Amino acid sequence: MDERLPILPTTVVGSYPVPEWMERLKTDCLRGRMSRAQLIDVHEMAIKAALRDQELAGIDIVSDGELRRDNDIDYFLAQLPGVDIVRTAKDFYFDYYDVTLARPLPPAAAGEFCWLAEDFAFTASQTHKPIKFSFTGPFSLASRIRNETHVEQRELMLAIAHRLNGAAHALVERGAQLLQIDEPFLAGYPDEVENTVAAINVVTAGVDVNWALHVCYGNRYARPLWEGHYDFLFPAVLDANVDQLVLEFARKGYADLPAIEKFGWDRRIGLGVIDVKSQHIETADMVATRIRAALELVPAEQLVINPDCGLRNLSAAVARAKLAAMVEGTAQARESLSPATEITVTTDPITEGA
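Bear in mind the structure is a predicted one, so any value in this text is a computation, not a measurement.

### Observations concerning the sheet that holds strand 2 (residues 99-101)
Within a beta sheet, neighbouring strands are joined by backbone hydrogen bonds and run either parallel or antiparallel to one another.
Then, in step 1: If you trace the three strands from one edge of the open sheet to the other, you get 1-2-4, paired in mixed fashion. This sheet does not close on itself; its edge strands, each paired only once, are strand 1 (83-85) and strand 4 (145-147). Each strand axis lies, on average, 30° off the axis of its neighbour in the sheet, ignoring direction.
Then, in step 2: By the bridge criterion, three bridges tie strand 2 to strand 4 in an arrangement that is parallel. By the bridge assignment for strand 4, Thr100 is matched with Arg146.

### Things to note about the environment of Ala170
Then, in step 1: Looking at the secondary structure, you find Ala170 in helix 6 (residues 153-173).
Then, in step 2: Overall, Ala170 belongs to the buried group, its relative accessible area being 12%.
Then, in step 3: Sequence separation between Ala170 and Glu112 is 58 residues; the distance between their C-alpha atoms is 9.9 Å.
Then, in step 4: Not counting residues up to four positions away in its chain, the partners in contact with Ala170 are Cys114 and Ala117.

### A few points about the nonpolar core
Then, in step 1: One finds Trp211, Leu233 and Leu271 to be the most contacted residues of the largest nonpolar core, which totals 109 residues.
Then, in step 2: Per-element tally for this core: the top contributor is helix 6, with eleven residues.
Then, in step 3: Beyond its immediate sequence surroundings of up to four residues, Leu271 is in contact with Leu247, Phe249, Tyr254, Leu257, Arg290, Ile291, Ala294, Leu303, Val304, Ile305 and Asn306.

### Considerations on the pattern of salt bridges
Then, in step 1: Applying the stated rule across the entire model yields 17 salt bridges.
Then, in step 2: In this structure, Arg163 and Glu112 form a salt bridge, with 2.6 Å as the shortest nitrogen-oxygen distance. Taken together, the positions of Arg163 in helix 6 and Glu112 in the loop between strand 2 and helix 4 (115-125) put the pair 51 residues apart, joining distant regions of the chain. Comparing Arg163 with Glu112, the two get one shared label, buried.
Then, in step 3: The partner of Asp256 in a salt bridge is Lys252, and the shortest N-O contact between them spans 3.2 Å.
Then, in step 4: A relative accessible area of 5% means that Asp256 is categorised as buried.
Then, in step 5: Overall, Lys252 belongs to the partly exposed group, its relative accessible area being 23%.
Then, in step 6: One network of salt bridges, with partners in common, ties together Glu227, Glu248, Arg251 and Lys277.

### A closer look at helix 7 (residues 193-204)
Then, in step 1: The end-to-end C-alpha separation of helix 7 is 16 Å, in line with the 16 Å expected for twelve residues at 1.5 Å each.
Then, in step 2: Judged by how many residues are buried, helix 7 sits mostly within the fold: nine of twelve residues are covered.
Then, in step 3: Within helix 7, burial applies to Val193, Thr196, Val197, Ala199, Ile200, Asn201, Val202, Val203 and Thr204.
Then, in step 4: Contact partners of the buried residues in helix 7: strand 3 (132-136), helix 5 (138-143), helix 6, strand 5 (178-182) and strand 6 (210-215).

### Digging into empty space enclosed by the protein
Then, in step 1: What the rule picks out here adds up to one cavity of 30 Å³ or more.
Then, in step 2: Of the voids in this model, the largest cavity is the one considered here, and its volume is about 340 Å³.
Then, in step 3: What lines the largest cavity is a set of 22 residues, and nearest its centre among them are Ser15, Glu66, Asp72, Asn219 and Arg312.
Then, in step 4: Split by residue class, the lining of the largest cavity holds nine nonpolar, eight polar and five charged.

### Things to note about the side chain of Thr196
Then, in step 1: Note that Thr196 resides in helix 7.
Then, in step 2: According to the relative accessible area criterion, Thr196 is buried, its value standing at 1%.
Then, in step 3: Beyond its immediate stretch of four places on either side in the chain, Thr196 contacts Phe139, Met157, Glu183 and Leu186.

### Some thoughts on the confidence of the model for the protein
For any part of a model where pLDDT is low, the fine detail of the predicted coordinates should not be relied upon.
Then, in step 1: Here the protein averages 90 in pLDDT, and 94% of its residues register 70 or above.
Then, in step 2: Contacts of residues 342-347 to residues separated by more than four positions or lying in other chains number 14 contacts, the stretch itself having pLDDT below 50.

### Observations concerning the sheet that holds strand 9 (residues 303-307)
Then, in step 1: One open sheet holds the six strands; their spatial order is 3-5-6-7-8-9, and the pairing between them is parallel. One side of each edge strand has no neighbouring strand; the edge strands of this open sheet are strand 3 and strand 9. Here the strands of the sheet are splayed against their neighbours by 25° on average, with no regard to which way each runs.
Then, in step 2: Taken together, the five bridges between strand 5 and strand 6 define a ladder with parallel strand orientation. Counterpart to Ile181 in the pairing with strand 6 is Leu213.

Cut-offs used in this document
- Every chain is numbered on its own, with residues counted from 1 as its sequence reads.
- A pLDDT threshold of at least 70 governs which residues receive local features in this predicted model, and a stricter bar of 80 or more applies before side-chain atom pairs are shown or counted, although totals over entire chains, interfaces and linings include all residues.
- By convention in this description, side-chain values take in all heavy atoms of the structure and omit both hydrogens and water.
- Only when DSSP finds a minimum of two bridges between them are two strands counted as paired.
- Comment: elements are numbered from the N terminus, with helices defined as DSSP H or I runs of at least four residues and strands as E runs of at least two.
- In this analysis, axes come from line fits to C-alpha atoms, helices being fitted only over the stretch in contact, and the angle between any two N-to-C directions falls in the range 0 to 180 degrees.
- Buried means the residue's accessible area, taken with a 1.4 Å probe over protein chains only, is under 20% of the maximum for its type, while exposed means over 50%, and partly exposed covers the values in between.
- Only heavy atoms matter for contacts: two residues are in contact if any of them lie within 4.5 Å across the pair.
- To form a nonpolar core, buried Ala, Val, Leu, Ile, Met, Phe, Trp, Tyr and Cys residues must be joined to one another through side-chain atoms within 4.5 Å.
- One side-chain nitrogen of Lys or Arg within 4 Å of one carboxyl oxygen of Asp or Glu is enough to make a salt bridge.
- Expected span of a helix, by definition, is 1.5 Å for each gap between consecutive residues, and there is one gap fewer than residues.
- In this analysis, the protein atoms alone were mapped onto a 1 Å grid. Cavities are point sets where a 1.4 Å probe fits without being able to get out; pockets are open sets with protein on both sides within 12 Å along at least five of seven lines; lining residues have an atom within 4 Å of a point.
- Grid points are joined across faces, edges and corners, and a volume is the space filled by probe spheres set on the points.
- Residue polarity is assigned by list, with Asp, Glu, Lys and Arg as charged and Ala, Val, Leu, Ile, Met, Phe, Trp, Tyr, Cys and Pro as nonpolar; anything else, Gly included, falls into the polar class.
- A residue's pLDDT is the confidence the predictor assigns to it, expressed on a 0 to 100 scale.

Now the structure itself:
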């Protein structure tokens, strides 16, 4: 499908609120009280509802809400060959597994991580909107492994990156056009940016889609894990083979935008205008004001409008209200553009759905 999006397209970062009943049913499955087939039905029902919420809000580029995933890590690490997870049933749905690697990962094999392509295909069958499909990046995944091998952490990260590259190729074969790499832990390890960029370039190598890279300050239980400024990404991130940086601004403020401009980032910026760590619902006027402030430094053609991070830690009602305010505020900001700019549409792969 060929979609033409307005200037300042709206999207989400990835995750969507998890219904309480889904948490309970996933726990039942892990403890043997419900079949895997039933759990798949539960996941698909939740994804359909999340897509409908986004469509009703008027979001231009939707996601599956990452609703098959307990969190940003376990869905991936549980599929790595050779990892040891002693206890899979959780006391709390969002908890991380305790993951150990006792021997080096074998070379990447065809088909590893390619279940992600099936996840995308289901989402594409349920919406006519363009889709952003996200997955956690190699640095954050490697960071959650207790590495008991002689392999250096950088090599472990690259081994994971090669598997994600295979998954990306499979996603393209199923029609994906916009893929996002999430690195939620990178802000806590600024000295690792160069290694992370090298691994990201392994992930994106030979995969002809529009690539986004999301870096935030953590969003565990709606709280940041770190604080700081995005200048730690530069200049190394300039070498990343991605088309867009998706960044957290609404909670922190927009003081980092001039720094990003100073370092010469000339690609797209996913502008966070919704604070996902607060239950307070922004007004449309507030969103429009934030976008207009960014437009003083960044051309409208470079901006994509999104929440700071995923919406997982919000209630569904609050998430819906925040998305509606984001869409309305973006519409107000579009109206303030000059007529020539306002009718501009994007023509890169971000405009193409599955």
